[in-house]
Each structure stands twice: as structure tokens, then as C-alpha cells.
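# Chain and residue survey
These are the residues of each chain, in order.
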Amino acid sequence: MTTLTSPWIVMKFGGTSVAQPKTWGLIAELARKRIEDKRKVLIVHSALSGVSNLLEALPEQALKGHGEASVKAIKLRHLDFARDAKLEGQALLAEHFSRLDQLAAGIALIGEASARVRAELMALGELMASALGLACLKAHGLKPYGLDSRSVMKAAFEGEDARAYLDNAVEDGPDSYLQTRLDDYQLVLAQGFIASNAHDETVLLGRGGSDTSASYYAAKLEAQSVEIWTDVPGLFSADPRLTSGARLLSALSYEEAQEIATMGGKVLHPRSIGPARRAGIPMVVRDTFRPELPGTTITEKPGDDAPALKAVSVKTGVRLVVMEGSSMWRQAGFLAEIFACFKHCGVSVDLVSTSETNVTVSLDPDPGLDEARLQRLKTALEAYCRVQIVENTAAVSLVGYGVRRILHKLAPALEVFQDKPIRLVSQAANDLNFTVVVDEDEGRALAVRLHDGLIGDADGPVFGPSWAEITAPVKAKPQRPDPWWRAKREQLLQNAPREGGLYVYDRETVHARARAIAGLKSVDRAWFAMKANPHPELLKTVETTGVGFECVSLGEVNRVREVLPDLPMDRILFTPNFAARSEYEAALALGTHLTLDSLHPLHHWPELFNDKNVIVRLNPDRPRGHHQHVKTAGPKAKFGIPLDQLDDLKAAVASSGVNVIGFHCHAGSGVTEPDHWKELGAILAKAAEHFPDIRILNVGGGLGIPESADAPILDLELVDQNLADLRKAVPDYQIWMEPGRYLVAEAGVLLTPVTQIKMSFSTRFIGTGTGMNSLIRPALYGARHEIYNLSKLDEAPSGLASIVGPICESADLLGADRLLPETEEGDILIITETGAYGRVMSSHYNLREPAGELVI
Ligand code: LLP
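Every chain begins its residue count from 1, and numbering advances along the sequence as written. For this predicted model, a pLDDT threshold of at least 70 governs which residues receive local features, and a threshold of 80 or more governs which side-chain atom pairs are given and counted, while totals over whole chains, interfaces and linings are taken from all residues. With hydrogens and water stripped out, all remaining heavy atoms of the structure feed into the side-chain values.

### Some thoughts on unusual backbone geometry
Residues other than glycine seldom take positive phi values, yet Glu222 does so here, at roughly 50°. With respect to the element layout, Glu222 can be found in the loop between helix H9 (209–221) and strand S7 (225–230). Residues other than glycine seldom take positive phi values, yet Leu847 does so here, at roughly 50°. In this description a helix means any DSSP run of H or I spanning at least four residues, a strand means any run of E spanning at least two, and both kinds are numbered starting from the N terminus.

### A word on the domain arrangement of the chain
Domain start and stop points were drawn from an automatic or database domain assignment. In terms of domains, the chain is made up of domain 1 (8–231), domain 2 (311–448), domain 3 (507–744) and domain 4 (748–855). Note on definitions: buried area is the accessible-area loss of two parts on being combined, 1.4 Å probe, summed for both. Summed over both sides, the interface between domain 3 and domain 4 buries roughly 1,500 Å², with carbon and sulfur atoms accounting for 56% of that surface. If you sort the residues of domain 3 by the area they bury against domain 4, His535, Glu707 and Arg741 come out on top, with a joint share of 30%. Salt bridges are counted wherever a side-chain nitrogen of Lys or Arg sits within 4 Å of a carboxyl oxygen of Asp or Glu. The tally of links from domain 3 across to domain 4 stands at zero salt bridges. Pairs of N or O atoms within 3.5 Å make up the polar contacts considered here, provided that, within protein, one atom can donate a hydrogen while the other can accept it, and that residues adjacent in sequence are counted only when both atoms are side-chain atoms. Inspection of the domain 3/domain 4 interface yields four residue pairs in polar contact (both at pLDDT 80 or more). Of all elements in the fold, only helix H20 (536–543) and helix H28 (741–744) reach the threshold of two or more residues within the side of domain 3 that touches domain 4.

### Description of the packing of aromatic side chains
Centre distance and the angle of the planes are the two values used to describe a pair of aromatic rings. Within 6.5 Å between ring centres, the rings of Phe, Tyr and Trp (the latter by its six-membered ring) count as paired, and their orientation is classed by plane angle as stacked under 30 degrees, edge-to-face over 60, tilted in between. Inspection of the entire model under this criterion finds ten aromatic pairs. Considering the side-chain rings of Tyr584 and Trp605, the 5.6 Å spacing of their centres and the 50° angle between planes classify their relative orientation as tilted. Here the residue Tyr584 occupies a position in helix H22 (residues 581–590), and Trp605 occupies one in the loop between helix H23 (600–604) and helix H24 (606–609), the gap between them amounting to 21 residues. Relative accessibility decides the category of a residue: with a 1.4 Å probe and only protein chains considered, values under 20% of the type maximum give buried, values over 50% give exposed, and everything between is partly exposed. Residue Tyr584 is classed as buried on the basis of its relative accessible area of 3%. The interplanar angle of 70° and the centroid separation of 5.2 Å between the aromatic rings of Phe663 and Phe691 together place this pair among those described as edge-to-face. With Phe663 in strand S26 (residues 659–664) and Phe691 in the loop between helix H26 (676–688) and strand S27 (696–698), this pair connects stretches of sequence that are 28 residues apart. Look at Phe691 and you get buried, because its relative accessible area is 6%. By way of ring pairs, the aromatic residues Tyr584, Trp605 and Phe609 are connected into one cluster. Its guanidinium or amino end placed over the ring of Tyr742, Arg513 lies 4.7 Å from that ring's centre, counting from NZ or CZ. Charges are assigned to positions over rings by a cutoff of 6 Å between ring centre and Lys NZ or Arg CZ, combined with an angular limit of 35 degrees from the ring normal. When the ring centre of Trp736 is taken as reference, the NZ or CZ atom of Arg525 above it lies at 5.7 Å.

Here it is in C-alpha cells:
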């Protein structure tokens, strides 16, 4: 078992991950993060992609007299890398290049390449990549120690045959000598795939050898984990080339991973799991090119204990040996006899199925199994039974714990085999694998049908995004247009105040935002939460777009009525909180829409509501928002009725005779996740199941705007698409929405002149004509508003400054440590995105007039 205190993490990077200098930048970053986290990192790497194939083909090329050209191609590949990485390629690689020349010349001269020579040749791919990788890591400011893996990895067996040189193994288990040897290093770079034998000759660990090396290293160092970084994001529920519905599997047991790797998943070499598994070291498979994805974690326990199918794989090029005969019936020793034939002919068997007169076994694709050997096997077996060898079949396997329990679900997918043979069925004794062997051209289609039918939409903690979702082209981010106030700078400077402050609102921007909200396809009615900015001119602008007004007080209702005397009451939605009885009476008398946000009115003034239509605000436990103070749902919020009081609501509805025609929730303000409103809607719809009169789901406001120049923008189109999903799920409801900030925040700026400048300790303070009396958001929520010197808009910044107002509070800080150009008394500062919750939340504190307002 690995000790939890081990500082080591082993990270393995495959050929495509190390092939470009720029990916070494990523590798360096990943390593640096771990080192900063007090970990020690051992990186195991492969040869640059394509190089192993070139080296493997080199002997044949050399024998044909093309050795020089091949050697040149291999050298060029590395020199190109070095040039792109701005490294001295010739100098770094001189020793390996000369060995490459010697080996190629030797092969041409002797006329053959022994396994020993081929092993040494192949190892050069890893050694050259190591020299380049080491230099790249150094160029990124790290201090790696270059470890020659042949000094650590000792061959498990000796011999003169090809296997001993080309497909060896290493004893696993802890290696205290290595641990001491690496004690002083934070970062080590070592080659995968290579080892040495007792004569200090180079030997290889076979294909997939670098994964296995990483696992050996992890076991030797008793590492915390071994991370396999590759060019796919982890193990999938099917080969993504087969079906793009293949799902990323977030967690598997060693046993499951072994099964998937063995059954044809190409991501992880099956051999690599053993050493980590025996040492109990978690393996994590991750994508170098999509490091944000969590990958697949492989540990002792499956990610999900429930019996479930995790993967479907298909292995093609499988051969079947079908053995038939009556003599096998009740013949003791029959199986022993025929399996002895397999043993003698050196043919390894994968699946077996037996009946009274038939034994069928499958043979994995094996390039080493030639016709002659197969014929020998056939002849040997024919002494006992009739033998038929069936080529070109495919093994389709279902992998997952308790696979037996889902067999009944296979029927529809297997229907096509009514007229075509299923050649073999095998169910593993560990109940982790169920395999059918069918003709090769049926295999892939069957795998896709089984996968998409049984796993495609699977829920559960193990199933991550599908391949299609992961690789979907990233939608271009909404571009932030140049802010309106840049184009109107001259006009703003002309109107700028000499003292105090002035809010300026851009009517066009408000109009455009209101139109965008009115245009949401999946929203039936939109309301402007006018608490954000009740300026009369802006209310008039919003009105022209058809958007209604959400009011939180009679004051707001009266403001709308004054400004828009002809507005029908149907366009006012009154949503008070803890208001007095008289406010409800007034609203009911006017005939506005009304939202109740507690049971008190129904319990205590039922007569007001008899036969009246109301909407009821709910409080699901789902607080959201840019600051604690603006979260309006959850156990700490004073708004709405908690979902566990729905029965009380039902009773109050019955006794008061009120008609509840809608549910409402506003969970908070400044939300930037585009699926938020859809999720709220789904919660409301669920609650509405018990209230037959409900036809409206009001999902509230809260649409966030970017707080700083480089913060992400909420994509309104995505909000709409999400709501379209909601509508599809619950088509019988109208969807309402009531944003405030989104319509006005970016339409407003606050202008204020610089009054004084002061250096105090190490802080440069820039004083302004107005402060928290005009804009309280920074003091109240720590909100960030960008601040520019409008008088010197595009001048280069000269340093950091804190911008403060004239109010007698240390919290009177509009912005800390902002980059500004050389700023003087009288310059005009512009504080942006202040059109929402700005002037309306201002005060006369210190008897200083808050900023005035101007609409342009
Ligand atoms: N609907 C209801 C019931 C609300 O309470 C609010 C805001 C809204 C809609 C509009 O939310 P918006 O779309 O503007 O985020 N003073 C804070 C914001 C408080 C919001 C209060 N309720 C701020 O400056 O961030």
C-alpha cells in the first residue's frame, strides 16, 4: 500500500504530448503546479510521435540500402523540434546521432539486425526525446534531473531471444535505493519503455511500455498517484471513433479498467495497471490538450457500487477455433488433451465456450501467429475432433459489475442475429464481462447499438460528458463591443460636473438591452425589475419594447403610473416583501399582478384574496449571486415560501379561496451560469404538480453582467436555449422573467472630477468629488467597477492608485489599486457599469448631495 506521506507523483506523457515544444510548456506548468503544492514529480515520457515507427522500420530500410535516408529523416524530425524550441539540436543530440549512424551502418554491413541491436535502436527514440525534453524544462525555468531509466529498470528475465530484448518486464515493488537516490530532486525526467539486463544491455518493455514504466516508477517510489497524460481525456464507455455518444468514465476500479483496456480500449495499456494496482496507487488518465477535464481515476473501488454497465468494446481480427465431435461427450481429460495442443503450438486462447459436442475458443489478433503454426495446431487437434477455423470475427464485450443482471436488456439489440450466427457467447466468472463473438462486419454495428441503447444516456456519478460534447466546437464567445461611452467621450466631457458627480445613462443601450430581453424566444413575458433604475426616461424607453415593470413597493408602482399614465395595469407586477396589509389592498384595488412571498397574508387577511389571482414566491434551497447580500434563496433568505411548506400553502389556498396561478422565484442577483433559470423553472414546475391552477413559472431576474473588463459575459442566447429545454419539458406553462441589472447596468456611468491626490505610506490616493454617497456598491458588496481617467483616456498608465470619495468612512473606496495614467486635479474619472443599483441606492450621508442624473 502506498504511504500517504509520499511526496512523489509520477506523470507520464505519450508521443503526441511530447512532440511539440509548446506542449513542453504545458508539461512544465503542470509539473510546476505540483511542485508548488509540495509534491515531487517524476516525468516519464515516450519518443516523439512517429519516431518509434521510423526506428522500427530502419533495419529493413538499411538492409534495402535506404538506411541513410531513414536516418536523415529521424535526425531531421528532432532537429526541427530543436529549432522550433530554440535549442542547439546538434549539440544536444550529437552522441545519440552518432550511435544512430553506427547502428544503421552496422546493420547494412552485417546484413541483419539482431533483437539486441533493434532494442538499442528503438531506445534511441526515447533517449533523444529525453535530451530535448530536459532542455525544454530548463528553458521554462525548472531544474529537472535527467534519469537514465536503464539504471533503474532491471529486466525481469534474461535470454538471447527476441522477447528478452523487445518485450521484457521489470520486477515491481518499492525501491528504497531509488527513493534515496532521488531524495534531493524535486523534478526528475526519465524515459519510458526502456530497461537494461544483467549485462547492461538495453532491453524494451514492449508496446505500451511507457505506461508500464510509469506504473513501475510509481510502485518503486511508493508514489501518491500516477498520472497518464495522453491525447484523449480518459477511458470511454466505447471507442469514440465507433460512436460519438461514447461517455467519459470518471472513475473505475483497477479490475474494470483492466477489463476495458484488455477488451480493446486503446487508451491505457492493460499491462500498466498491474504494478500500480499491486501497490494500491491511484492511476489518473488525463488529456494533455484538455487539462481542464478531470479524466478517469482508477482505484481499488469502482466509482459507483451499483451494478451497471460501464463500457462496450469491440475487438476485430479475432479467430475462432471450432472443435466438434461426439467423442468429447463425458470423456474425462478431453479438454486437457485439446488445450495441450494449444500449448504445444504456442497459441494462446482468449474466450472459451463448451457444450456436449462443441468446444469453441477465440484467439486474439496476433501478428506473430502465422498460417504454418495455425495449420500445425489444426492437425494436432484433428486427432481428437473435427476442427474448423473461422477468420474475421469480432468480439463485442459488455463490461461492468453485475453484468449478468442486465442481460435481459440486450434482446432488442440482438434481434438482428435471428438470421445470422452468434458464434460464441462467454460470460466471465467475475461477472464483469459478457462477450459475444459475431462476424466482423456485424461487430461494430452491434457494439454501437448496444452502447447507445444501454449506456448512451446513462445517469450516475461515473458517466461524464460524451465525446460529441467534449469535442463540440467551442461556440465563439460573445464579443464585448466597444462601450458606448468611448464614442461619446466628448459629449461626456462637456457635461462632466466640476464638483460632486453625475450619472449619465445612454438611452440607446437601455433600448437595445430591453429589446434583447423582449426578444427571448422562450420567455412569454419579460418584466423590468425597476428597482435597478427607476429613472423616468429609462422607464419610457423600456416601455416601448413591450417589457412590463416589476415593482417592489407602492412607491415604484406609483412612479410607473406617473411616468406612463396610459400603461395598462396588466403590465405591472407587484412583488413586495414583508409589506403592510395596506399595500396589498392598494395593489388589488389597482388590478396589478401580485406576488405573495409568505403565508402570512393568506392566514391573516384571507378575505382580501378570495377569488383573486396571485402568484406565489417560493424559496428553494438554491442561493445564487455575486455576493452574500444579494442571495435571495436558501435557509438564510427572508424571501419566499420554503418548499417544505407547500402543504400549508395548499391548505391556505383552500381556506382563503385564492387562485394561485403562478410560482415565482428569484434566487439572487448577478448570476452568470446560463442554465440557472432553466433549473429554477424545473424546480417551480415540480412544485406546481400539486397546484392545478398554475400556468405561470416566473424564474426571476439576476442576469449578471461582467464586473471587470476581462470577466466572462453571460451569453443570453444560451440562457434562451436552456429555457427552450425547460419549455420542451413542461410545455403547458408560460415562462416569465424579470431582470433589472441586465437592462441598465452597462448603460450608465458615473462621472466625477479629481479633487486631490495624496501619497500615504505606499498608497497613492486619488480623491474624487463623490464617493459612497453616490455609489455604495463597492463598500457594500466589494463590487468592482472599472475606473478610467476620461480626460486622458488612452494615455499609458503611470502606476497604481486607490480612488476614494469625500465621505467620512474608510469604506469610501471606489476602487483599490487601479492602473491609471498620470492624473491631476480636475481630470474627469469615469466609473463604468453603474447604471444599475447606483443612483437609486445613493444617500445624503454627510449631507453631501449624491450625483445627479442625465440621459443622453
Ligand atoms: N426580481 C426580484 C424579485 C428581485 O428581488 C430582484 C432584485 C430582481 C428581480 C432583479 O435582479 P437583477 O436582474 O437586477 O439582478 N443591490 C444589489 C442587487 C439587489 C437585487 C435585489 N433584487 C446590487 O447592487 O448588486
